[in-house]
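What the coordinates show
Okay, here's what each chain looks like letter by letter:
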Amino acid sequence: MAKVRTRFAPSPTGFMHLGGLRTALYAFLYAKANGGDFVLRIEDTDQQRFVEGAVDLIYSSLLESGLKYDEGPDIGGNYGPYVQSERKEIYAEYAKKLIDLGGAYYCFCSKERLESLTDENGNRKYDKHCLKLSKEEVETKIKAGEPYVIRQNIPTEGMSSYDDLIYGTIEVDYKELEDNILIKSDGMPTYNFANVIDDHLMGITHVIRGTEYLSSTPKYNLMYDAFGWERPVYIHLPTIMKDATRKLSKRYGDANFDDFVNKGYLKEAIINYVALLGWAPKDNREKMTLQEMIDCFSLDGISKSPSIFDEVKLRWLNGEYIKALTFEEFYSLARPFLEKSKVNGIFDLEKIAKLLHNRVDVLGEIPEKIDWLANLETYDLALFDNKKNKTNAEVAKTLLPKIKEVLSSVESFDNDTLFATLSEKAGEWEVKSGAIFWVLRIAITGQGVTPGGATEIASLIGKDETLKRIDFSLSIL
Ligand code: GLU
């Protein structure tokens, strides 16, 4: 059997959309799971949609997420060039061949004539007008410099059929297809033509792409057949939805890889989550490295039905990845976010990072999780209410002066010492130790929920600040 070759063929029209990343990932996984090659091809024939910088973004997003391609524009390979705009002559040559084979024809129709073909519902289908032109007529027009396009010649009747590995047998009535343009008047091919020529010449064995191409694939098959080329195996992937009714859309800027990275999602978590958008391994595992995915990737795990992009699940998975980091790894990734917070320059960021490591799902939330720590402002005294520990503002008022006295004389202000010293007092003060910690925590943070307990935070902000905050709380009690 021929070596498996898959490709990812993005159009450089903007950022890397998670839908595109999923297509790339499955093409990568399929190739790697079968000892094959994964090829990157840039489909930039629609120059109007071209976005500056988009190609670099494609390279960097793929490499950052671990999808190392074996051939591509920036690394070369035996089947280049890998950028469609550099393959114009190749398409021209094959378009001529296809015309000779009867699979395509020149069309000189004016814009006005094409517009006149529009029916009352606004639909337009080309009427094969130029198919009637003789070879001589065509030559005369070309010589006279008349602009033209090349159209595909699609049969007017009959059924097309092919097998998709996910969706089964797909049948499309030729009547439903149109004689699309293959080569535009500027000599550039359309996707409809270029994808076939390139997939064949690049030796692509398995075409993996979104379901939006399921119904146009019969057109491509006509060309493979006309040229006498073997059709590739088709694997169309289910749609990714934003919710029950809306597609996740590149056009509206939904779900862009870089946005998620900037928000503090780890690349490994993103790629792992993206893998689960339409595929599951046999054992339904969720957290997997790229290598683990390669080891268990198989097409029968791909679902036919659309999957819903669920940011809550992505958050959860990201949290799992964060917890699995060593502290050093976490600290270095968290640092830029810690530096953006109000505590930067006031408290020890590394100590804060220790408190946060098991308590954040998304790094971008670090500032909002700790900004309040920078200073203590008036807060709701009802925060002292706690049934389990039998505390309230009144209890706080009596306990805080005692806590303050104890803390004033603690030499080493580390968490363990503080914890042990205050715990010991519970008996003498006839309260639960939980009450002491509850009251202290509220008094120095003014927050209902904090990353870390009372003594962890006290040790973080230090003795002076702790005593100052207790005084402040006593002043408002
Ligand atoms: N350039 C096409 C796209 O971005 C590629 C489709 C395909 O994989 O054939 O949708």
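Criteria and thresholds
Residues numbered from 1 in each chain as written. Predicted model: local features only at pLDDT ≥ 70, side-chain atom pairs only at ≥ 80, totals over all residues. Heavy atoms only, no water. Axes fitted to C-alpha atoms, helices over the stretch in contact; angles between N-to-C directions. Helix = DSSP H or I, 4+ residues; strand = E, 2+ residues; numbered from the N terminus. Parallel < 35°, antiparallel > 145°, perpendicular 65-115°, else oblique. Left-handed = near helix turned anticlockwise from the far one by under 90°. Contact = heavy atoms within 4.5 Å. Nonpolar A, V, L, I, M, F, W, Y, C, P; charged D, E, K, R; others polar. Near = heavy atom within 4 Å. Polar contact = N/O pair within 3.5 Å; in protein donor to acceptor, adjacent residues only side chain to side chain. Areas by Shrake-Rupley, 256 points an atom, 1.4 Å probe, with all protein chains shown as cover. Pairing = 2+ DSSP bridges.

**What to know about the packing of helix α17 (residues 433-445) against helix α18 (residues 454-461)**
α18 packs onto α17 with a crossing angle of 40° between their chain directions and a minimal axis gap of 8 Å. Overall, the two elements α17 and α18 adopt an arrangement that is oblique. You can see that α17 and α18 cross each other, and the crossing is left-handed. Counted together, Phe437, Leu440, Arg441, Ile444 and Thr445 of α17 and Ala454, Thr455, Ile457, Ala458 and Ile461 of α18 form the full contact between these two elements. Partitioned by chemical class, the residues of the contact of α17 with α18 number seven nonpolar, two polar and one charged.

**Details of the site of the ligand**
The environment of the ligand is formed by Arg7, Ala9, Pro10, Ser11, Glu43, Tyr191, Arg209 and Tyr213. Tyr213 places a side-chain nitrogen or oxygen 2.7 Å from an oxygen atom of the ligand. Its free accessible area being 300 Å², the ligand has 83% of it covered by the protein chains. Here the residues of the shell around the ligand are counted per class, giving four nonpolar, one polar and three charged.

**Re the sheet that holds strand β7 (residues 181-183)**
Ordered in space as β3-β4-β7, the three strands form an open sheet in which the pairing is antiparallel. With one partner strand each, in any of the chains shown, β3 (104-107) and β7 form the two edges of the open sheet. Recorded for the sheet is a direction-independent mean angle of 45° between the axes of neighbouring strands. The pairing of β3 with strand β4 (residues 149-152) spans four bridges and is classified as antiparallel. Along β4, the bridge assignment pairs Tyr105 with Arg151. Where helix α3 (residues 88-100) meets the sheet, its contacts fall on β3, β4 and β7, and the angle it forms with β3 comes to roughly 105°.

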